[in-house]
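If you want the building blocks of each chain, they are given just below.
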Amino acid sequence: MPEDSMEKTYTCTAPVNIAVIKYWGKRDEDLILPINSSLSVTLHQDQLKTTTTVATSKNFQEDRLWLNGKEEDINHPRLQSCLKEIRRLARKRRNDEDPGLNSTGLTHKVHICSINNFPTAAGLASSAAGFACLVYTLAQAFGVEGELSAVARQGSGSACRSMYGGFVQWLIGHQCDGKDSLAQQVEPETHWPEMRILVLVASAERKHMGSTSGMQTSVQTSCLLKHRAESVVPGRMVEMIKAVRRKDFPAFAELTMKDSNQFHATCLDTYPPIFYLNSVSHQVIKLVHRYNQHYGETRVAYTFDAGPNAVIFTLEQHIPDFVQAVRHFFPPETNGGEFIKGLPVPHVDLTEGLRSTIGLEPMPKGINYIISTKAGPGPRVVKDPTHHLLGPDGLPKNTVIIHQKRTLE
Ligand code: DP6
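Calculation rules
Residues numbered from 1 in each chain as written. Predicted model: local features only at pLDDT ≥ 70, side-chain atom pairs only at ≥ 80, totals over all residues. Heavy atoms only, no water. Helix = DSSP H or I, 4+ residues; strand = E, 2+ residues; numbered from the N terminus. Rg over C-alpha atoms; globule rule 2.2 N^0.38 Å. Buried < 20%, exposed > 50% of the residue type's maximum accessible area, 1.4 Å probe, protein only. Contact = heavy atoms within 4.5 Å. Areas by Shrake-Rupley, 256 points an atom, 1.4 Å probe, with all protein chains shown as cover. Lys, Arg positive; Asp, Glu negative; His and termini not counted. Charge placed at Lys NZ, Arg CZ, Asp CG, Glu CD. Phe/Tyr/Trp six-rings, centres within 6.5 Å; stacked < 30°, edge-to-face > 60°. Salt bridge = Lys/Arg side-chain N within 4 Å of Asp/Glu carboxyl O. Pairing = 2+ DSSP bridges. Axes fitted to C-alpha atoms, helices over the stretch in contact; angles between N-to-C directions. Parallel < 35°, antiparallel > 145°, perpendicular 65-115°, else oblique. Left-handed = near helix turned anticlockwise from the far one by under 90°. Nonpolar A, V, L, I, M, F, W, Y, C, P; charged D, E, K, R; others polar. Polar contact = N/O pair within 3.5 Å; in protein donor to acceptor, adjacent residues only side chain to side chain. pLDDT = per-residue confidence, 0-100. Near = heavy atom within 4 Å.

Engineer: Which residues make up the overall build of the protein, and what values do they have?
Structural biologist: Across its full length, the protein holds 10 helices and 17 strands. At 22 Å, the protein has a C-alpha radius of gyration in line with the 22 Å of a compact globule built from 409 residues. Each principal axis of the C-alpha distribution contributes one length, and for the protein these read about 75 × 50 × 40 Å. Burial analysis of the protein (409 residues in total) assigns 54% to the buried set. When contacts within the protein are restricted to residue pairs at least 6 apart in sequence, those whose partners lie at least 24 apart make up 78%. Accessible surface, the protein as shown: approximately 18200 Å² in total, 52% of it carbon and sulfur. Within the protein, one finds 44 positive and 42 negative side-chain charges whose respective centroids are separated by 1 Å.

Engineer: Tell me about the packing of aromatic side chains, and please be specific about residues and values.
Structural biologist: Here the structure, examined in full by the defined rule, presents 12 aromatic pairs. Relative to Phe263, the ring of Trp24 has its centre 4.7 Å away and its plane inclined at 55°; by these criteria the two rings are tilted. One end of the pair, Trp24, is in the loop between strand S2 (17–21) and strand S3 (26–28); the other, Phe263, is in helix H6 (residues 249–269), and 239 residues separate them in sequence. As far as burial versus exposure is concerned, Trp24 and Phe263 are alike and both buried. When the centroid spacing of 5.2 Å and the interplanar angle of 90° are considered together, the rings of Tyr291 and Phe322 count as edge-to-face. Highlighted residues: Tyr291 in helix H7 (residues 279–295) and Phe322 in helix H8 (residues 319–329), separated in sequence by 31 residues. Judged by relative accessible area, which is 0%, Tyr291 ranks as buried.

Engineer: Requested: an account of the pattern of salt bridges, with residues and values cited.
Structural biologist: Applying the stated criterion across every chain yields a total of 17 salt bridges. The closest approach of N and O atoms between Arg64 and Glu71, which form a salt bridge, is 2.8 Å. One salt bridge connects Arg228 with Asp259, and the closest N-O pair in it is separated by 2.7 Å. Of the two residues, Arg228 sits in helix H5 (residues 223–246) while Asp259 sits in helix H6, which places them 31 residues apart along the sequence. Neither residue differs from the other here; Arg228 and Asp259 are each classed as buried. Put simply, Arg228, Arg236 and Asp259 are held in one network by salt bridges that share partners.

Engineer: Could you give an account of the sheet that holds strand S1 (residues 8–15), naming the residues involved and the relevant values?
Structural biologist: The strand order S8-S7-S9-S6-S1-S17 describes an open sheet built from six strands, whose pairing is mixed. Two strands in the sheet have a free side with no partner beyond their single neighbour: strand S8 (70–72) and strand S17 (380–382). Between one strand and the next, the sheet's axes are offset by a mean angle of 25°, whatever the strand orientation. Here S1 pairs with strand S6 (residues 49–57) via eight bridges, running antiparallel. Opposite Thr9, over in S6, you have Ala55 as the bridge partner. Contacting S1, S6, strand S9 (109–116) and S17, helix H2 (residues 126–141) crosses the sheet at an angle of about 145° to S1.

Engineer: Any details on the packing of H7 against H8? Residues and values, ideally.
Structural biologist: Contact geometry for H7 and H8: axes closest at 11 Å, N-to-C directions at 135°. Classified by the angle between their axes, H7 and H8 sit oblique to one another. Relative to H8, H7 is oriented so that their crossing is right-handed. Residues Leu287, Val288, Tyr291 and Tyr295 of H7 lie in contact with H8, whose contacting residues are Asp321, Phe322, Ala325, Val326 and Phe329. A class-by-class count of the residues in the contact of H7 with H8 yields eight nonpolar, no polar and one charged.

Engineer: Can you lay out the side chain of Thr11 for me, pointing to particular residues and giving the numbers?
Structural biologist: Within the fold, Thr11 resides in strand S1. Overall, the relative accessible area of 2% leaves Thr11 in the buried class. Within the local environment of Thr11, its side chain forms a polar contact with the side chain of His388, the two groups lying 2.5 Å apart. Setting aside anything within four residues of it in sequence, one finds Thr11 in contact with Thr51, Thr52, Thr53, Thr137, Arg380, Val381, Val382, His387, His388 and Leu389.

Engineer: Quick rundown of the confidence of the model for the protein? Include the residues and the values.
Structural biologist: On average, residues of the protein score 92 in pLDDT, and 91% of them are at 70 or above. Low confidence marks residues 1–5, where pLDDT is under 50. Its contacts with residues over four positions away, or in another chain, come to 10 contacts.

Engineer: An account of the site of the ligand is needed here, citing residue identities and associated values.
Structural biologist: By nearness alone, 18 residues border the ligand, and Tyr23, Lys26, Arg78, Ser156 and Ser158 come closest of all. Interatomic distance of 3.3 Å between a side-chain N/O atom of Asp305 and an oxygen atom of the ligand. Examining the composition of the shell around the ligand, we find that three residues originate from one element, helix H4 (residues 211–221), more than from any other. For the shell around the ligand, a count of residues per class yields seven nonpolar, six polar and five charged.

As structure tokens, then:
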């Protein structure tokens, strides 16, 4: 059988990222070009990842997509942008490099199956990991190499930053075609091994307004957002890159908190206003500031995206003490599952001094659970064929459906 008529199946994984200098607002809605640069930390895939399998075959009648065990509409415009762009790059590569090559494989239809290993209720932007994984896996399937963040960006802006591990910036770019609005690794995940990240899952509530429409209203109505994008973020990007390179935690932490606060201030300045934080978020903010005040130095930072869950940055040595403070002020349900998932956290007792400086009224069950993780690598190819999500018939394996039911419960 000639190579191009064979069925091919590829599986890859991609990470979630959390911005410490936020992207909020587009200057071009179709190409997804931002009004400011942004910077994020890629979270480790041992705790949070998307897995995607792409199969191509001459026997498939149409392109099809299954997300988290359910068939979805393949005609989603952003998905189509990514698919068309990868097919265009594959054709270009064939034409440029070896015009004699049989290109029937490029006309084959694709089946795509994707799952997350974290619950939707965790409120993490699954679209970033999802589109990064889709683009990375499609590129494997169609033999496309090189810079792919500009393709992932067209799926979801923040997805371009999930194409790299460690500390990643997304450059605003200046060209109208968006070719220079790319993600770049600032430092790899090995650069700052002491850094730890906690996702405090505050509530099972789904977010009220999605990022896409939220930021559209902000661009139209908030003059604070315009000021932020033009006069604040450029300087913060320079300072943040310096803080990361020098591993200066207090500088990194203060910029992270200020940028999260300014992003939520632009949400309040949006008309009508958008509220992503809730009373649990506000309590976490107070807890972090009082914790830092107790020690007389900035040991912990928070950041919040378009939802109420805090993402905490700290150094490994402060984790046990900080987690104990969280456990004390947000007493968990005792009969539920584990409170801490992911990297283990050693137990320490909370000191009376720290308890009294924080001095908040405990909020029982305010936090459902904590995901304990660190910075991690970018997308990966999964070689073991037993991990494919699609079976030899090109349809999702039964295990995908069962896994997903369990994850979403
Ligand atoms: C608050 O990337 O989800 O998480 O480009 O419309 O898909 P679209 O938006 P999206 O927005 C993310 C916004 C944010 C900040 C960030 O990740 O930088």
